[in-house]
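# Structure assessment
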Amino acid sequence: MGRYVGFPLGFLLVAWGLGLGLWAPPAVGRFVVEKNSLMVVSPSELKGKHDSAIGNFGIPQYGGSMAGAVVYPKENAMACDQFSRSDLFKPKAGALPNFVLIDRGGRRNLPFSFFSKSSFHFLGRQIVNRFEIVGDCLFAKKVWNAQNAGASAVLVVDDKNEPLITMDLPREDDEAAKYIENITIPSALIDKKFGEQLKKAVRSGEMVNVNLDWREAVPHPDDRVEYELWTNSNDECGTKCDMVMDFLKEFKGVAQLLEKGGYSQFTPHYITWYCPQAFIISKQCKSQCINTGRYCAPDPEQDFSTGYDGKDVVIENLRQLCVFRVANESKRPWIWWDYVTDFHIRCPMKEKKYNKDCAETVMNSLGLDIKKVDQCMGDPNADSENPILKMEQDAQVGTGSRGDVTILPTLIVNNRQYRGKLEKKAVLKAICAGFEENTEPPACLTDDIETNECLDNNGGCWQDKASNITACKDTFRGRVCECPVFGGVQFKGDGYNNCEAIGPGRCRINNGGCWQHSRDGKTYSACQESGDGKCQCPTGFEGDGVKACENINECKKKTACQCPECNCKDTWGSYDCTCSGDLLYIKEHDTCISKKASEAKATWAAVWVLLIVLAVAAFGAYAIYKYRLRSYMDSEIRAIMAQYMPLDSQGEVPNHSHEEDHA
């Protein structure tokens, strides 16, 4: 059945529910507060890790961390008013950023509030762990005032001993919308006891340093991120609707690149409610619902007598769900982004084009199969469940650590609800935080998304400056020191202090880290392409093969050119050996022989070779002669014998005289 949804439509539902009695969510909802870690570094008595609830505005640093010094204002401690100076909390040069500690609370209360500790029952549903509207001193207003005074982050101290809640703006507020979209610093709510301890330490003059950590705020199990967006096709619901459409247009390019590259799997979702059985036949239910009150949406103009009805929104929501399904079946799920942005531009409610005809025009332009989309949508007038919308209502109920979808819009990354500004850069950071380290796509490694830690002292990793090779690999979460593959050559080592080239081609890279030297036009290297890959001085040299290889003096060590007639002269990497007189040096035998003797030997060798060739030729000619002679004699003998007797190989000789007698 339908589920209750909070801001912005949640606030409107209160009015609709109390005034019209139309929307009847089920009994109990579960809202999960998304948290990040806050680590106290000093003073020592407060050291340790604490939970804090991520504010649902500003830009949390998903995948990263942020260190700062805690300050507590002496005046305007609730930050309901602007601070006296714009640089009040700006840090001095070289100092840590300032995290401003602010008290929860406000100047006056509105007629009603949502409290997280006590339950608030609304139309049969118990809302637990939500947010509180307190006067005009909203959470976002506090953070905005602190940001304008130079704060780098804000820690709001709860004023009740209760479980942490999510700081949000649970109602439409045009004035607040103007500054909410400009909040760029992160914020978090901390519990009352811990906050009082921090305030006491600051008041006593102690240096209070903390570290806000979002690195585990989003699970990052593998190399693909699964994320979903709960949204609405209604373009007349105020600032939030405008913000959602601006985000869809801005994020479309990045989303499609991630999807096409196989880096992500995106799924859109749409929220609907149901009409209580007692009101199904009422005018309100008929105008706001389809399938006999099963799937409903609020009136876009909040006026039942004019403009579009809620059922028009439900039908377009259903159509957009089916567009995604049909596009996904054709292996082009990213077409959904084109459809929703084009539909918003070409078919707005203000121009009275929010209808089926305009939708089909958009689908045609994108090459979508309209017939398949219509079949997927089914009959909105049928008194039966629509399987697509039923699945959407069921999916609103939280599973595992996700919690119910109670805020519209809601972005979920790896089954964890996103908190913060719905803006391209902020959302991309959250998605990038969902990748296993070292598997992030290029879109996550741009300068405006993360800081390249390899640019600072090479990230503390191994580096070969001569060859411009480094083991530092930039990642979204920081960097890893990992021996690289360079020019087709694999390096191995710890990545921090050592990386060595191994395997084929290793000698091409800085000579494999081995000794190499050139002199007099000759180059010698200790690098071995084959074998165990260790550096080994070449023949004629000795040494460790890495730092040095020294020439071996073969003459002095008497390892060569040692025959009585030999004269030895050392050269770099080798030696020259000559013989006295007209003797010739034979290196293989390390001996000297007479040039004449060698010449005579060579002459006799040539003679013997010639004689052998002639003998072979004569023998061959004789064998051929004998063969041909024998063949000739055989043919002559057979011819003579054939005249006197038939041979086995010869047919019967015809008797010509006999034939003549019968002529």
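Let me begin by describing the structure that accompanies this report. Everything numeric in this text was worked out from a predicted model, so none of it was measured.

### What to know about the layout of surface pockets
Of the pockets and cavities examined, the second largest pocket occupies roughly 340 Å³. Looking at the second largest pocket, it is lined by 18 residues, and the ones nearest its centre are Gly64, Ile449, Glu450, Thr451 and Phe476. The residue inventory of the lining of the second largest pocket, partitioned by class, reads 3 nonpolar, 7 polar and 8 charged.

### Regarding the environment of Leu155
By the secondary structure assignment, Leu155 is in strand β7 (residues 153-157). With 55 residues separating them along the chain, Leu155 and Val100 place their C-alpha atoms 6.1 Å apart. Not counting residues up to four positions away in its chain, the partners in contact with Leu155 are Leu38, Val70, Val100, Leu101, Ile102, Ala188, Ile190 and Leu212.

### Some details on the packing of helix α7 (residues 310-329) against helix α11 (residues 387-395)
Between α7 and α11, whose axes approach to 10 Å, the crossing angle comes to 95°. As far as their axial angle goes, α11 and α7 are roughly perpendicular. Of the residues in α11, those touching α7 at Val314, Leu318, Leu321 and Arg325 are Ile388, Leu389, Met391 and Glu392.

### What about the nonpolar core?
Within the largest apolar cluster, 90 residues are counted, with the highest numbers of intra-cluster contacts made by Tyr227, Leu248, Phe251, Tyr339 and Ile431. Per-element accounting of this core gives the leading share, 9 residues, to α7. Residues within four places of Leu248 in sequence aside, it is in contact with Leu229, Trp336, Trp337, Val340 and Thr341. Within the second largest apolar cluster, 26 residues are counted, among which are Phe83, Leu138, Ala151 and Val154.

### What about the pattern of salt bridges?
As enumerated under the stated definition, the model contains 16 salt bridges in all. For the salt bridge of Asp158 with Arg104, the shortest nitrogen-to-oxygen distance reads 2.7 Å. Of this pair, Asp158 sits in the loop between β7 and α3 (174-180) while Arg104 sits in the loop between β4 (98-103) and β5 (120-122), and the two are 54 residues apart along the sequence. Here Asp158 matches Arg104 in class, with each residue buried.

### Details of helix α8 (residues 335-346)
Structurally, the α-helix is built with 3.6 residues per turn, so residues lying three or four positions apart point the same way. Taking 1.5 Å per residue as the helical rise, α8 with its 12 residues ought to reach 16 Å, and the 16 Å between its terminal C-alpha atoms agrees with that figure. The buried fraction of α8 is high, at 9 of 12 residues. Those residues of α8 lying buried are Ile335, Trp336, Trp337, Asp338, Tyr339, Val340, Thr341, Phe343 and His344. Buried positions along α8 lie against β10 (225-231), α5 (239-260), β11 (264-270), α7 and α9 (356-365).

### Looking at unusual backbone geometry
The step from Ser42 to Pro43 runs through a cis peptide bond, and the omega angle for that step is 5°. Positionally, Pro43 belongs in the loop between β1 (35-42) and β2 (48-54). One non-glycine residue, Thr292, lies in the positive phi region at around 55°. Among the structural elements, Thr292 can be located in the loop between β12 (289-290) and β13 (295-296). The backbone of Lys352 sits at a positive phi, close to 60°, despite the residue not being glycine. Its location among the elements puts Lys352 in the loop between α8 and α9. A relative accessible area of 57% places Lys352 in the exposed class.

### Comments concerning a nonpolar patch on the surface
Taken together, the side chains of Val607, Trp608, Leu610, Leu611, Ile612, Leu614 and Val616 present a nonpolar region at the surface, about 700 Å² in accessible area. Within the secondary structure, Val607 is located in helix α14 (residues 595-642). Look at Val607 and you get partly exposed, because its relative accessible area is 34%.

### Focus: the sheet that holds strand β8 (residues 187-190)
Here we have 7 strands rolled up into a closed barrel, ordered β1-β2-β8-β7-β4-β3-β9, and mixed in their pairing. On average, each strand axis in the sheet is tilted by 40° relative to the strand beside it, whichever way the strands run. The pairing of β1 with β2 spans 6 bridges and is classified as antiparallel. In the sheet register, Ser37 faces β2, and the bridge partner there is Asp51.

### What about the packing of aromatic side chains?
This model, assessed by the stated rule, comprises 17 aromatic pairs. Among the aromatic residues, ring-to-ring pairing joins Tyr227, Phe247, Phe251, Phe266, Trp336 and Trp337 into one connected group.

### A closer look at the sheet that holds β10
Ordered by their spatial adjacency, 4 strands build an open sheet running β11-β10-β14-β15, and the pairing between neighbours is mixed. Each having just a single partner strand, β11 and β15 (416-417) make up the two edges of the open sheet. Summarising the sheet, β10 and β11 pair through 7 bridges and their orientation is parallel. Opposite Tyr227, over in β11, you have Phe266 as the bridge partner.

### Comments concerning the side chain of Gln320
Here Gln320 lies in helix α7. When its relative accessible area of 4% is taken as the criterion, Gln320 is described as buried. Of the polar contacts made by the side chain of Gln320, one reaches the side chain of Tyr270; its length is 2.4 Å. Once residues lying within four places of it in the same chain are set aside, the contact partners of Gln320 are Ser233, Tyr270, Trp336, Tyr339, Val340 and Phe343.

What counts, and where the lines are drawn
Residues numbered from 1 in each chain as written. Predicted model: local features only at pLDDT ≥ 70, side-chain atom pairs only at ≥ 80, totals over all residues. Heavy atoms only, no water. 1 Å grid on protein atoms, 1.4 Å probe; cavity = no way out; pocket = protein on both sides within 12 Å on 5 of 7 lines; lining within 4 Å. Points joined across faces, edges and corners; volume = space filled by probe spheres on them. Nonpolar A, V, L, I, M, F, W, Y, C, P; charged D, E, K, R; others polar. Helix = DSSP H or I, 4+ residues; strand = E, 2+ residues; numbered from the N terminus. Contact = heavy atoms within 4.5 Å. Axes fitted to C-alpha atoms, helices over the stretch in contact; angles between N-to-C directions. Parallel < 35°, antiparallel > 145°, perpendicular 65-115°, else oblique. Core = buried A, V, L, I, M, F, W, Y, C linked by side-chain atoms within 4.5 Å. Buried < 20%, exposed > 50% of the residue type's maximum accessible area, 1.4 Å probe, protein only. Salt bridge = Lys/Arg side-chain N within 4 Å of Asp/Glu carboxyl O. Expected span 1.5 Å × (residues − 1). Patch = residues over 30% accessible without salt bridge, like charges linked within 9 Å, V, L, I, M, F, W, Y side chains within 5 Å. Areas by Shrake-Rupley, 256 points an atom, 1.4 Å probe, with all protein chains shown as cover. Pairing = 2+ DSSP bridges. Phe/Tyr/Trp six-rings, centres within 6.5 Å; stacked < 30°, edge-to-face > 60°. Polar contact = N/O pair within 3.5 Å; in protein donor to acceptor, adjacent residues only side chain to side chain.

It is worth stressing that arrangement in space is one thing and function is another; only the former is reported here.
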